[in-house]
Amino acid sequence: MEKAASDNIVVIDGHEFTFTPGETILQVAQRNGIDIPTLCYLKGAPHTGACRICVVEVEGARALVASCAAPAGNKMVVRTESPAVLKARRLNIELLLASGHHNCLVQELNMDSWTDFQLKSMEAEEHQDLCPAYGDCRLQDLAVRYQVKTTRFEPSEPRHPIENVNPFIVRDFSRCVMCGRCVQACNDVQVNRAISYGYRGIASKIVTAGDRPYIQSDCVFCGECLQACPVGALVSKEDFQRERTTGEVKKVRTTCAYCGVGCQLYLHVKDNKIRKITGVEDVGPNYGSLCVKGRFGYDFIHHPDRLKKPLIRENGDFREASWDEALNLITDKLSRIKDQQGPDAIGVLSSARITNEENYLAQKWTRAVIGTNSIDHCARL
Ligand code: FES
């Protein structure tokens, strides 16, 4: 328990915590290890209070308040798991599940724990109709956590067709819960301003300018919206097309090799194949964001045409060679040019598509091994 050191003290679940003015109840709770579930909340973006999953009971308040949007107040007494809070969260989850086509089996299987649910869902035969976000869906997690097995409400009919006309992202509006995270990710995090809210009431939809497909809009396909989507409304094309299975996905952390920025990313690996890539949140330099190459440019890894061996051109045709043979050939040719015409007859062009370390090595090799300062970089072209 934090020591009461100032006037700014909030009591959460019977424990006193200090807060700085402007901090929300959710921020104070998270900072002190109290888990309040969220769905629409996107760290670093202005709060919208759209989903009401994070509601808490505040003594003296007329209604439950959204902790992601409500500032902590001095001597405020908050309960995060009271019966009224749990009832409201369950109702909100029910409403969200009824708001679209969330065929993730949570409503069909009688599960008492996440493990039971997974084991039972693996036995299900209708996997081709499973949501592509199965196992990676915030709404599904919440339904399991709060044991929401059925919904009393009639599921709403899909009103907008699936958009599947670009190479990267599929937009399935029937699964959208209008949480607004994609809009915030696009407008407040990436500041591309390619999407916003459109239409009214039950016809509401996330739209681009003129409600055109992404491919005809200002979208640059950074995929920030995809990463922010907590359900299956935005999925990568690959995820959408692949056969649905419920097997385990392993997350492998690595550094993007596309340029020298060094963005941190997770490879989501299943059956020894990369299924998707997401940015590592809360870690620099990218704090979860990625560009189109880092997020979507990985099909070369498993591509059958990928070059895995050096090629040497002979009589106009390429033939495969070993690395030793190729490196010896390059060494011979460069040595001959250097001996006959001097080191300044050789120039090296480095690349923005390699890491800082590799660029450093390239200039070191050019200067120290070849003996020339003729080293340049494609970014100047
Ligand atoms: Fe607070 Fe959605 S997370 S209202």
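Our structure's up above, just so we're on the same page.
Since we're looking at a predicted model, the values are computed, not measured.

1. Observations concerning unusual backbone geometry
Argument step 1. For the peptide bond that leads from Gly284 to Pro285, omega is 5°, which places it in the cis range.
Argument step 2. Despite not being glycine, Asp13 has its phi angle at roughly 50°, a positive value.
Argument step 3. Topologically, Asp13 is positioned in the loop between strand 1 (9-12) and strand 2 (15-18).
Argument step 4. One non-glycine residue, Asp271, adopts positive backbone phi at about 50°.
Argument step 5. Counting through the fold element by element, Asp271 comes out in the loop between strand 11 (264-270) and strand 12 (273-279).

2. Digging into the sheet that holds strand 1
Argument step 1. Taken together, five strands build an open sheet; the order of strands is 2-1-5-3-4 and the sheet is mixed. Of all the strands in the sheet, just strand 2 and strand 4 (65-66) have a single pairing partner and so form its edges.

3. Quick word on the sheet that holds strand 10 (residues 250-255)
Argument step 1. With antiparallel pairing, the three strands of this open sheet are ordered in space as 10-11-12. Two strands lie at the open edges of the sheet, namely strand 10 and strand 12, each paired on one side alone. The sheet shows a mean angle of 30° between the axes of neighbouring strands, taken without regard to direction.
Argument step 2. Bridge count between strand 11 and strand 12: six bridges; the pairing is antiparallel. By the bridge assignment, Lys270 is partnered in strand 12 with Lys273.

4. Regarding the environment of Arg306
Argument step 1. Counting through the fold element by element, Arg306 comes out in the loop between helix 8 (292-296) and strand 13 (311-314).
Argument step 2. Excluding anything up to four places from it in sequence, Arg306 contacts Phe300 and Ile301.
Argument step 3. A polar side-chain atom of Arg306 sits 3.3 Å from the main-chain carbonyl oxygen of Ile301.

5. A short note on the pattern of salt bridges
Argument step 1. Under the criterion given, the structure shown has 14 salt bridges.
Argument step 2. Of the charged contacts, one joins Arg145 and Asp35 as a salt bridge, the two residues approaching to 2.9 Å between their closest N and O atoms. With Arg145 in helix 4 (residues 138-145) and Asp35 in the loop between helix 1 (25-31) and strand 3 (55-58), this pair connects stretches of sequence that are 110 residues apart.
Argument step 3. Salt-bridge contacts for Arg79 lead to Glu59; the nearest nitrogen and oxygen are separated by 3.2 Å. Of this pair, Arg79 sits in strand 5 (residues 76-79) while Glu59 is found in the loop between strand 3 and strand 4, placing the two residues 20 residues apart along the sequence.
Argument step 4. Three or more residues joined by partner-sharing salt bridges are found here, namely Asp35, Glu81, Arg89 and Arg145.

6. Looking at the packing of aromatic side chains
Argument step 1. As enumerated under the stated definition, the model contains four aromatic pairs in all.
Argument step 2. On the basis of an interplanar angle of 80° and a centroid distance of 6.5 Å, the ring pair of Tyr258 and Phe300 is categorised as edge-to-face. Remark: Phe300 occurs in the loop between helix 8 and strand 13 and Tyr258 occurs in the loop between strand 10 and strand 11; sequence separation between them is 42 residues.
Argument step 3. The partly exposed category is assigned to Tyr258, whose relative accessible area is 25%.

7. Some remarks on a nonpolar patch on the surface
Argument step 1. Taken together, Leu307, Leu311 and Phe318 make up a surface patch of nonpolar side chains, about 320 Å² in accessible area.
Argument step 2. Along the chain, Leu311 turns up in strand 13.
Argument step 3. On the basis of relative accessibility, which here comes to 36%, the residue Leu311 falls in the partly exposed class.

8. Some remarks on the nonpolar core
Argument step 1. By size, the foremost hydrophobic cluster in this structure holds 36 residues, and its most contacted members are Leu39, Ile93, Leu139, Ile169, Ile195, Tyr214 and Leu234.
Argument step 2. When residues of this core are traced back to their parent elements, those giving at least two are helix 2 (83-98), helix 4, helix 5 (181-189) and helix 6 (224-228).
Argument step 3. If one sorts the elements of this core by residue count, helix 2 sits on top with four residues.
Argument step 4. In this structure, Ile93 is in contact with Ile53, Leu139, Leu142, Ala143, Tyr146 and Val148, ignoring residues within four places of it in sequence.
Argument step 5. Within the second largest apolar cluster, 20 residues are counted, among which are Ile12, Ile25, Cys54 and Ala72.

9. Focus: the side chain of Arg295
Argument step 1. Looking at the element boundaries, Arg295 is found in helix 8.
Argument step 2. Buried within the structure, Arg295 lacks any salt-bridge partner; its nearest side chain of opposite charge belongs to Glu224, at an N-O separation of 4.1 Å.
Argument step 3. In terms of polar contacts, Arg295 uses its side chain to reach the backbone carbonyl oxygen of Cys222, at 2.7 Å.
Argument step 4. For Arg295, the residues in contact, after removing those within four places along its chain, are Cys222, Gly223, Glu224, Leu226, Gln227, Ile277, Thr278, Gly279, Gly288, Ser289 and Leu290.

10. Concerning the packing of helix 2 against helix 4
Argument step 1. Helix 4 packs onto helix 2 with a crossing angle of 135° between their chain directions and a minimal axis gap of 10 Å. One element, helix 2, and the other, helix 4, form an angle in the oblique class. Here helix 2 runs over helix 4; the crossing is left-handed. Where helix 2 abuts helix 4, its residues Ile93, Leu96 and Leu97 lie against Leu139, Leu142 and Ala143.
Argument step 2. For the contact of helix 2 with helix 4, the residue count by class is six nonpolar, no polar and no charged.

What counts as what
- Residues numbered from 1 in each chain as written.
- Predicted model: local features only at pLDDT ≥ 70, side-chain atom pairs only at ≥ 80, totals over all residues.
- Heavy atoms only, no water.
- Helix = DSSP H or I, 4+ residues; strand = E, 2+ residues; numbered from the N terminus.
- Pairing = 2+ DSSP bridges.
- Axes fitted to C-alpha atoms, helices over the stretch in contact; angles between N-to-C directions.
- Contact = heavy atoms within 4.5 Å.
- Polar contact = N/O pair within 3.5 Å; in protein donor to acceptor, adjacent residues only side chain to side chain.
- Salt bridge = Lys/Arg side-chain N within 4 Å of Asp/Glu carboxyl O.
- Phe/Tyr/Trp six-rings, centres within 6.5 Å; stacked < 30°, edge-to-face > 60°.
- Buried < 20%, exposed > 50% of the residue type's maximum accessible area, 1.4 Å probe, protein only.
- Patch = residues over 30% accessible without salt bridge, like charges linked within 9 Å, V, L, I, M, F, W, Y side chains within 5 Å.
- Areas by Shrake-Rupley, 256 points an atom, 1.4 Å probe, with all protein chains shown as cover.
- Core = buried A, V, L, I, M, F, W, Y, C linked by side-chain atoms within 4.5 Å.
- Lys, Arg positive; Asp, Glu negative; His and termini not counted.
- Parallel < 35°, antiparallel > 145°, perpendicular 65-115°, else oblique.
- Left-handed = near helix turned anticlockwise from the far one by under 90°.
- Nonpolar A, V, L, I, M, F, W, Y, C, P; charged D, E, K, R; others polar.

Everything listed is a geometric property; what it means functionally is a separate question.
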